[in-house]
Amino acid sequence: MSKLDPLLRYLLHPSRRKIDVFAETLVKGTAATSILIILLIFFFVFREASSLFFSDSPQATSTVQSSGAPTEYNPDSGSDAPTEYNPDGDTLELNKTLNVATPEPEKLSLFENLFSKVWQPVSSVPKFGILPLIVGTAKTTIIAILLGAPLAILAALNITFFVPAKVREIVKPAIEMLANFPSVVIGFFCLMDVATLVKATFDIDFRLNALTGGIGLAIAVTPIIFTVAEDALSTVPQSYRQASLALGATEWQTAYRVMLPAALPGVFAAVLLGIGRAFGETMIALMATGNAPMMSFGIFDPSRTFAATIGAEMGEVIWGSEHYNILFFLGVLLFLFTFSLNAITELYVKKRLMKKFQGS
């Protein structure tokens, strides 16, 4: 009798089969429920944003009366009659009701409004120009990647190829723990300390600006890029390293010119993940960038991002208003950007780069 017979009888036992079927059904049901929830979230966001373009009812816009226009006098109110200023120092009492027509504010079309340079949702003529938000999001994201990506990749190279194993077991988890830091803690650190340091170093007018926000985002994305890049470098076959060293290359030349290019698909994917995190970060951008929608390309000027705009204004917006729909439209733009990053990762990194370095 073979030693495998008891194991086979155990695995093929009807009760064991029922457990396997239940576990398989549970896993499939959980996966299907997760996918359904994600699709419902996307449907809700797209539905609320589509009302901006396909709604039949005109959007109600509030008109604020100019403070300089005379008000109507009510004789039963008990107050004094409105008066008119006289340059000679006298006041003339107006004994009749003044009906002065307020000029109709100029209204822009939806696309002219969206692609203008002013974001001012609370005014007599609400302005929803997203160009300052695009510029602000791009500035902070680029600064974060330029600061965080090289630091994370060099740290991954150092941890993988130059640090002893005992040190690696301590340093790697410590860096990865930074990814678990709450965003509000990093934002508060930038608000209190980084902003003061940046202002004193560059002698600028604004404590909170795109550079301060970019540094905060770099702190947030560095652990993510480091973790994925280190995993990619660790999966490169050691035969590459041994062959390079056998040919006379130094450890640094081997790491930089052999191992890093071989792990480039994974490193590129790590950078894309960092871009996605920086692009969609809310609390750090809300607390450290100045949160001002300025159409400026200077890194020392305050800025505002898509995510910070949604986080700051969604709680006070009127449900179903034009402002409400535009905030959901910003959410759609965030989703499309993230989806594009994932598509690039799938179509370019996993296929073209992998084929290139595998020699196929």
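Naming follows an unreviewed UniProt entry, where the protein appears as Phosphate transport system permease protein of Leptospira neocaledonica. Regarding the protein, the relevant UniProt record gives this comment under Sequence similarities (unreviewed entry): "Belongs to the binding-protein-dependent transport system permease family. CysTW subfamily." UniProt annotates the protein under Function (unreviewed entry) with the comment "Part of the binding-protein-dependent transport system for phosphate; probably responsible for the translocation of the substrate across the membrane."

Caption draft 1: Geometry of the overall build of the protein. Along its length, the protein carries 13 helices and four strands. Within the protein, the proportion of its 360 residues that are buried is 34%. When the accessible surface of the protein is split by element, carbon and sulfur atoms take 65% of a total near 22,000 Å².

Caption draft 2: Seen up close, the packing of aromatic side chains. Scanning all chains against the criterion turns up 14 aromatic pairs. Look at phenylalanine 202 and phenylalanine 300: their rings are 5.1 Å apart centre to centre, the planes differ by 45°, and that puts the pair in the tilted class. Placement of the pair is phenylalanine 202 in helix α6 (residues 183-202) and phenylalanine 300 in the loop between α11 (283-288) and α12 (306-313), with a sequence separation of 98 residues. In this structure phenylalanine 202 comes out as partly exposed when scored by relative accessible area, which is 44%. Each ring, one from tryptophan 252 and one from tyrosine 256, has its centre 5.8 Å from the other, and the planes form 10°; the classification is stacked. Linking tryptophan 252 with tyrosine 256, this pair stays in helix α9 (residues 251-262), spanning four residues, or about one helical turn. Accessibility expressed as a relative area gives 44% for tryptophan 252, which makes it partly exposed. Judged by its relative accessible area of 47%, tyrosine 256 is partly exposed. Three or more aromatic residues joined by ring pairs form one cluster here, namely Phe42, Phe46, Phe335 and Phe339.

Caption draft 3: The pattern of salt bridges, seen in detail. Here the structure, examined in full by the defined rule, presents eight salt bridges. One salt bridge connects glutamate 230 with lysine 172, and the closest N-O pair in it is separated by 3.3 Å. Of the two residues, glutamate 230 is situated in helix α7 (residues 210-234) and lysine 172 in helix α5 (residues 165-177); the sequence distance between them amounts to 58 residues. Both residues of the pair, glutamate 230 and lysine 172, count as buried. Look at the salt bridges and you will find they share partners, linking Lys172, Glu176, Glu230 and Asp231 into a network.

Caption draft 4: Highlighting the UniProt feature "transmembrane region" (unreviewed entry) in the protein. As annotated by UniProt and renumbered to match this structure, "transmembrane region" (unreviewed entry) occupies residues 21-46, 142-165, 177-198, 210-233, 254-275 and 326-349. Between the C-alpha atoms that bound residues 21-46 the distance is 37 Å, and the span itself is 100% helix and 0% strand. A distance of 26 Å separates the end C-alpha atoms of residues 177-198, which is 77% helix and 0% strand.

Caption draft 5: Seen up close, the environment of phenylalanine 279. Mapped onto the secondary structure, phenylalanine 279 falls in helix α10 (residues 264-280). The class of phenylalanine 279 is buried, set by a relative accessible area of 12%. Through-space distance from the C-alpha of phenylalanine 279 to that of phenylalanine 337 is 8.6 Å; in sequence the pair is 58 residues apart. With near-sequence residues (within four places) excluded, phenylalanine 279 lies in contact with Thr137, Thr141, Phe306, Ala307, Leu334 and Phe337.

Caption draft 6: Layout of the side chain of serine 244. Relative to the helices and strands, serine 244 resides in helix α8 (residues 238-246). Relative accessible area serves as the criterion here: at 10%, serine 244 is assigned to the buried category. Side-chain polar atoms of serine 244 contact the side chain of threonine 254, separated by 2.9 Å. If near-sequence neighbours (up to four positions away) are discounted, serine 244 is found in contact with Ala249, Thr254 and Val258.

Caption draft 7: Spotlight on the side chain of threonine 212. Mapped onto the elements, threonine 212 comes out in helix α7. Only 3.2 Å separates the side chain of threonine 212 from the backbone oxygen of arginine 207, close enough to count as a polar contact. With residues up to four places along the chain from it excluded, the contact list for threonine 212 reads Cys190, Val194, Ala195, Val198, Arg207 and Ala288.

Caption draft 8: Geometry of the confidence of the model for the protein. Per-chain confidence: the protein averages 81 in pLDDT, with 77% of residues scoring 70 or above. Across residues 57-75 the pLDDT falls below 50, and counting only partners more than four positions away or on other chains, this stretch makes 26 contacts in the model. Within the model, pLDDT remains below 50 along residues 77-101, and this stretch shows 23 contacts once partners closer than five positions in the same chain are excluded.

Cut-offs used in this document
- Residues numbered from 1 in each chain as written.
- Predicted model: local features only at pLDDT ≥ 70, side-chain atom pairs only at ≥ 80, totals over all residues.
- Heavy atoms only, no water.
- UniProt positions renumbered as here; feature names shortened; annotations may be inferred.
- Helix = DSSP H or I, 4+ residues; strand = E, 2+ residues; numbered from the N terminus.
- Buried < 20%, exposed > 50% of the residue type's maximum accessible area, 1.4 Å probe, protein only.
- Areas by Shrake-Rupley, 256 points an atom, 1.4 Å probe, with all protein chains shown as cover.
- Phe/Tyr/Trp six-rings, centres within 6.5 Å; stacked < 30°, edge-to-face > 60°.
- Salt bridge = Lys/Arg side-chain N within 4 Å of Asp/Glu carboxyl O.
- Contact = heavy atoms within 4.5 Å.
- Polar contact = N/O pair within 3.5 Å; in protein donor to acceptor, adjacent residues only side chain to side chain.
- pLDDT = per-residue confidence, 0-100.

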